[in-house]
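So you can see what is in the structure, the chains are spelled out below.
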Amino acid sequence: MSAAADGSGPTTKATVSDSTDSSTLKDQQKPAAALEEDDEFEDFPVDDWAPEDSEVPPGSEGGTTHLWEESWDDDDTSEDFSKQLKEELAKVKGQK
Amino acid sequence: MEVLFRDFQSANSEQSGPGLAATISPIAPPNYLNRLDAIYKDSNVATISRDVAFGLTKSAHAAIQYPNPEIDTWTEIYSAYWYAVGAILAAEHAEQNASQSDWLRVYMAWKDLSNAIIKAYSSGVLENWTLPVLYMAGKHLRTFAIKADASAGSNGNAIYNSGDLQEDIAGDFDRNKNLEDAARVINRMFTLCISDRAPLEESRKWGLYYMANLQFKTYFKLNSISLCKNVLRAISAGTTDMPNLSVFPKSHIVTFKYYVGVIKFLEEDYAAAEENLLSALRMCHRSATRNVELILAYLVPTRLLTSQLLPSPELLSPYPRLAHLFTPLVYAIRSGSLSDFDSALTEGEPEFVKRRIYLTLERGRDICLRNLLRKVYLASGSDEEGKRRTRIRVDEFGTAIRLGERGVDGESLENDEVECLVANMIYKNLIKGYISRAHGMVVLSKTGAFPGTGI
């Protein structure tokens, strides 16, 4: 047996494939319970790809700004912590 | 062995680099699982050179000249490959029978193959379209070295190399012996690419980033990240006569940018880290979930410091592990709850430390404190003219910090402590204003008291 078809061969990380079907890649990468041991970047199954297959295809950069938010929050009046803060501040102010 | 020569010929006639690289793959293709066995059992130690030379000549063009350097070179390469295949089959066989696999032998044989290939390039026999052959050699050299080190560790009483950051310095002197050895060979491959002076269209410079990435991976594994700087220096020294980054395959560039981003991150050059990680993220193949996840693991702490931006739930939702790690911190920062921030940081500490992002995230506490003080300012009401009060009593801030840090029943802070924290905020340009100690007041700037936050 020369094995290795199922990835248990000498180099499990090696993906020798000229397949352009990227759905198989997704299937292999089911999230495990915790982040894996090291932060080694994985080999891509294909060498190069069309710009449209990128995480942010050209021309759609504007559509990604909502993925990052400002670090403060103005509209949280209903939040417990904010309420508590207001009560406490009112107390200090009342002291003088 | 027929299959080897047939594939060799067809890859050559099509000038297909990946096709040629596949001929020396240590892994059998799914459509021919017995490829390695078939190649190995077709020859023996006594006749291998002759068999290969004969096979190559027979399948080559009829009008071949002798002596032929190409035939000689490939005879050497395929003979070395044949030995490596024998070692691989033996190791795999042993693994299946749960006995001791000799990965060191595999590594040594693969190293011979790698050296034969390096020689073929430096003597100019192999052209640049064959570069995937060099990639194939380098990539597996590294994985076999790691396997050899691991089996040496589990074999004797040395510590098993799990890639862990906590190392027993005394016990693991030789722990990465083979990987260190492989690093030197890979470095020669890198030099082979970067120092090629041939005109661009036939230059090996096209292999430069692939090899640089392989070096990064190796140095990270060896925990000698500082060595990556030599690679970067070599590249930046040669940029003038190098093809533009955008014309390289995206897999090379995304990987390169990821590693440069992480290196810059670790050097605390966050602006450069952000730039590299962002472009890696944009260009990354969208099905490569694991790689996007790795990029984000560094980009989130980076952007918190550079642009004070937090990831939205939408950004993290496809990556449950990241969402699990970062969401509590994100909520704590936004609400200005210092105690939630502290407990979220403690909670995630083992993971954060392992990713080397703990110290950077810790600096996010400033942003959390800024948001808390900003809330005090917003809640402080307005003066007679309807303008927001810009004089805030130090003890108002003190109350907020006590609440944020220690809860309702927490111990009060001394005014000195509060002043110290506020002074720090002012120094870091997170607050604009000054402290009037005589009046026990913080006097905030009438415009942009909390720079960049819209008030």
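Source: prediction; values computed, not measured.

1. A short note on the overall build of chain A
And then number 1: Looking only at helices and strands, chain A has 2 helices and 1 strand in total.
And then number 2: Walking chain A from its N terminus toward its C terminus, one meets helices and strands in the order α-β-α.
And then number 3: In chain A, buried positions account for 32% of the 96 residues.
And then number 4: Surface accessibility of chain A: about 5,800 Å² in total, with carbon and sulfur atoms responsible for 50%.

2. Let's talk about the overall build of chain B
And then number 1: The number of helices and strands found in chain B is 20 helices and 4 strands.
And then number 2: For chain B, buried positions account for 56% of its 455 residues.
And then number 3: Sequence-distant contacts in chain B: of pairs separated by 6 or more residues, those separated by 24 or more amount to 64%.

3. Overview of the interface of chain A and chain B
And then number 1: Taken together, the 63 residues of chain A in the interface contact 99 residues of chain B.
And then number 2: Around 7,200 Å² of area is buried between chain A and chain B when both sides are counted, 55% of it from carbon and sulfur atoms.
And then number 3: On the surface where chain A and chain B come into contact, there are 7 salt bridges.
And then number 4: A salt bridge links R142 of chain B to E40 of chain A, with the shortest nitrogen-to-oxygen separation between them at 2.5 Å.

4. What about the packing of helix 9 (residues 208-221) of chain B against helix 11 (residues 250-266) of chain B?
Residues and elements named next belong to chain B.
And then number 1: With their axes 9 Å apart at the nearest point, helix 9 and helix 11 run at an angle of 40° to one another. Classed by the angle they form, the pair helix 9 and helix 11 counts as oblique. Crossing hand, helix 9 versus helix 11: left-handed. In contact with Y209, Y210, A212, N213, F216, K217 and F220 of helix 9, helix 11 contributes H252, I253, T255, F256, Y259, V260, V262 and I263.
And then number 2: Its residues assigned to classes, the contact of helix 9 with helix 11 shows 11 nonpolar, 3 polar and 1 charged.

5. Regarding the nonpolar core
Residues and elements named next belong to chain B.
And then number 1: Y78, Y81, F216 and I235 are the most contacted members of the largest nonpolar core, which totals 157 residues.
And then number 2: Here this core gets 13 residues from one element, more than from any other, and that element is helix 5 (residues 69-96).
And then number 3: In this structure, this core is formed jointly by two domains, domain 1 (2-248) and domain 2 (381-444), each of which donates at least three residues.
And then number 4: Ignoring sequence-local partners within four residues, the contact set of F216 consists of C228, V231, L232, F256, Y259, V260 and I263.

6. Re the confidence of the model for chain B
One rule of thumb: low pLDDT means the predicted coordinates there are not for detailed reading.
And then number 1: Across chain B, the average pLDDT comes to 90, with 94% of residues at or above 70.
And then number 2: Here residues 156-171 of chain B is modelled with pLDDT under 50, and outside its nearest four sequence neighbours on either side it reaches 19 contacts, counting other chains as well.

7. Description of the sheet that holds strand 2 (residues 391-393) of chain B
All names here are of chain B.
And then number 1: In space, the 3 strands of this open sheet follow the order 2-4-3, with antiparallel pairing throughout. Where the open sheet ends on each side, the last strands, each with one partner, are strand 2 and strand 3 (433-436). Adjacent strand axes in the sheet meet at a mean angle of 25°, parallel and antiparallel pairs treated alike.
And then number 2: By the bridge criterion, 3 bridges tie strand 2 to strand 4 (residues 441-444) in an arrangement that is antiparallel. Paired with I392 across the strands is V442, a residue of strand 4.

8. A short note on the pattern of salt bridges
And then number 1: By the definition in use, this model includes 29 salt bridges over all chains.
And then number 2: Taking the shortest distance from any N to any O, the salt bridge between E69 of chain A and R334 of chain B comes out at 3.7 Å. With E69 of chain A in strand 1 (residues 68-70) and R334 of chain B in helix 15 (residues 320-335), this residue pair bridges two chains.
And then number 3: On the basis of relative accessible area, R334 of chain B is assigned to the buried category, the value being 17%.
And then number 4: Residue D416 of chain B pairs with R437 of chain B through a salt bridge whose shortest N-O separation is 3.2 Å. One end of the pair, D416 of chain B, is in helix 20 (residues 415-427); the other, R437 of chain B, is in the loop between strand 3 and strand 4, with 21 residues separating them in the sequence.
And then number 5: What you see here is one network of salt bridges that share partners, running through D342, R365, E405, R406 and E417 of chain B.

9. Considering the pairing of strand 4 of chain B
All names here are of chain B.
And then number 1: In the sheet, strand 3 pairs with strand 4 via 4 bridges, with the strands oriented antiparallel. Across the sheet, S436 pairs through a bridge with M441, a residue of strand 4.
And then number 2: Once strand 3 ends, the chain turns through 4 residues before running back antiparallel as strand 4, passing G440 with a positive phi of about 65°.

10. Structural notes on the environment of W49 of chain A
And then number 1: Checked against the element boundaries, W49 of chain A lands in the loop between helix 1 (23-28) and strand 1.
And then number 2: For W49 of chain A, a relative accessible area of 6% corresponds to the buried category.
And then number 3: If we ignore the near neighbours within four places in the chain, the residues touching W49 of chain A are F44 and S54 of chain A together with K250, S251, V254, M283, C284 and H285 of chain B.
And then number 4: Looking at W49 of chain A, its side chain comes within polar contact range of the main-chain oxygen of M283 of chain B, at 3.1 Å.

11. Examining the side chain of N291 of chain B
And then number 1: The residue N291 of chain B is located in helix 13 (residues 289-306) in this model.
And then number 2: The exposure class assigned to N291 of chain B is buried, which follows from its relative accessible area of 2%.
And then number 3: Residue contacts for N291 of chain B: discarding those within four places in its chain leaves F41, E42 and F44 of chain A together with C284 of chain B.

12. A look at unusual backbone geometry
Residues and elements named next belong to chain B.
And then number 1: For A98, which is not glycine, the phi torsion reads 55° and is therefore positive.
And then number 2: Tracing the sequence through the fold places A98 in the loop between helix 5 and helix 6 (103-122).
And then number 3: Not every positive phi belongs to a glycine, and N223 is a case in point at roughly 60°.
And then number 4: A relative accessible area of 33% means that N223 is categorised as partly exposed.

13. Some thoughts on a negative patch on the surface
And then number 1: On the surface, E70, E127, E201 and E202 of chain B cluster together to form a negatively charged patch.
And then number 2: Relative to the helices and strands, E127 of chain B resides in the loop between helix 6 and helix 7 (131-155).

14. Details of the confidence of the model for chain A
And then number 1: The predicted model of chain A averages 65 in pLDDT, with 52% of residues at 70 or higher.
And then number 2: Ranking the elements of chain A by mean pLDDT puts helix 1 of chain A last, at 41, and strand 1 of chain A first, at 90.

15. Describing the packing of aromatic side chains
And then number 1: Applying the stated criterion across every chain yields a total of 24 aromatic pairs over all chains.
And then number 2: Both rings, one in Y258 of chain B and one in Y259 of chain B, keep their centres 5.0 Å apart while their planes meet at 75°; by these two values the pair is edge-to-face.
And then number 3: For Y258 of chain B, a relative accessible area of 0% gives the class buried.
And then number 4: Among the residues examined, Y259 of chain B registers a relative accessible area of 1% and is labelled buried.
And then number 5: Where F265 of chain B meets Y270 of chain B, the ring centres are 5.6 Å apart and the plane angle is 80°; that geometry is what we call edge-to-face.
And then number 6: Residue class for F265 of chain B comes out buried when judged on its relative accessible area of 2%.
And then number 7: Judged by relative accessible area, Y270 of chain B falls into the buried class, the value being 10%.
And then number 8: Looking at K147 of chain B, its charged tip hangs above the ring of W103 of chain B, at a distance of 4.2 Å from the centre.
And then number 9: Above the ring of W68 of chain A, the side-chain terminus of R303 of chain B is found at 4.8 Å from the ring centroid.

Quick notes on the rules
- Residues numbered from 1 in each chain as written.
- Chains lettered and ligands numbered in written order.
- Predicted model: local features only at pLDDT ≥ 70, side-chain atom pairs only at ≥ 80, totals over all residues.
- Heavy atoms only, no water.
- Helix = DSSP H or I, 4+ residues; strand = E, 2+ residues; numbered from the N terminus.
- Buried < 20%, exposed > 50% of the residue type's maximum accessible area, 1.4 Å probe, protein only.
- Areas by Shrake-Rupley, 256 points an atom, 1.4 Å probe, with all protein chains shown as cover.
- Contact = heavy atoms within 4.5 Å.
- Buried area = accessible area lost by both parts, 1.4 Å probe.
- Salt bridge = Lys/Arg side-chain N within 4 Å of Asp/Glu carboxyl O.
- Axes fitted to C-alpha atoms, helices over the stretch in contact; angles between N-to-C directions.
- Parallel < 35°, antiparallel > 145°, perpendicular 65-115°, else oblique.
- Left-handed = near helix turned anticlockwise from the far one by under 90°.
- Nonpolar A, V, L, I, M, F, W, Y, C, P; charged D, E, K, R; others polar.
- Core = buried A, V, L, I, M, F, W, Y, C linked by side-chain atoms within 4.5 Å.
- Domains from an automatic or database assignment.
- pLDDT = per-residue confidence, 0-100.
- Pairing = 2+ DSSP bridges.
- Polar contact = N/O pair within 3.5 Å; in protein donor to acceptor, adjacent residues only side chain to side chain.
- Patch = residues over 30% accessible without salt bridge, like charges linked within 9 Å, V, L, I, M, F, W, Y side chains within 5 Å.
- Lys, Arg positive; Asp, Glu negative; His and termini not counted.
- Charge placed at Lys NZ, Arg CZ, Asp CG, Glu CD.
- Phe/Tyr/Trp six-rings, centres within 6.5 Å; stacked < 30°, edge-to-face > 60°.
- Lys NZ or Arg CZ within 6 Å of the ring centre and 35° of its normal.

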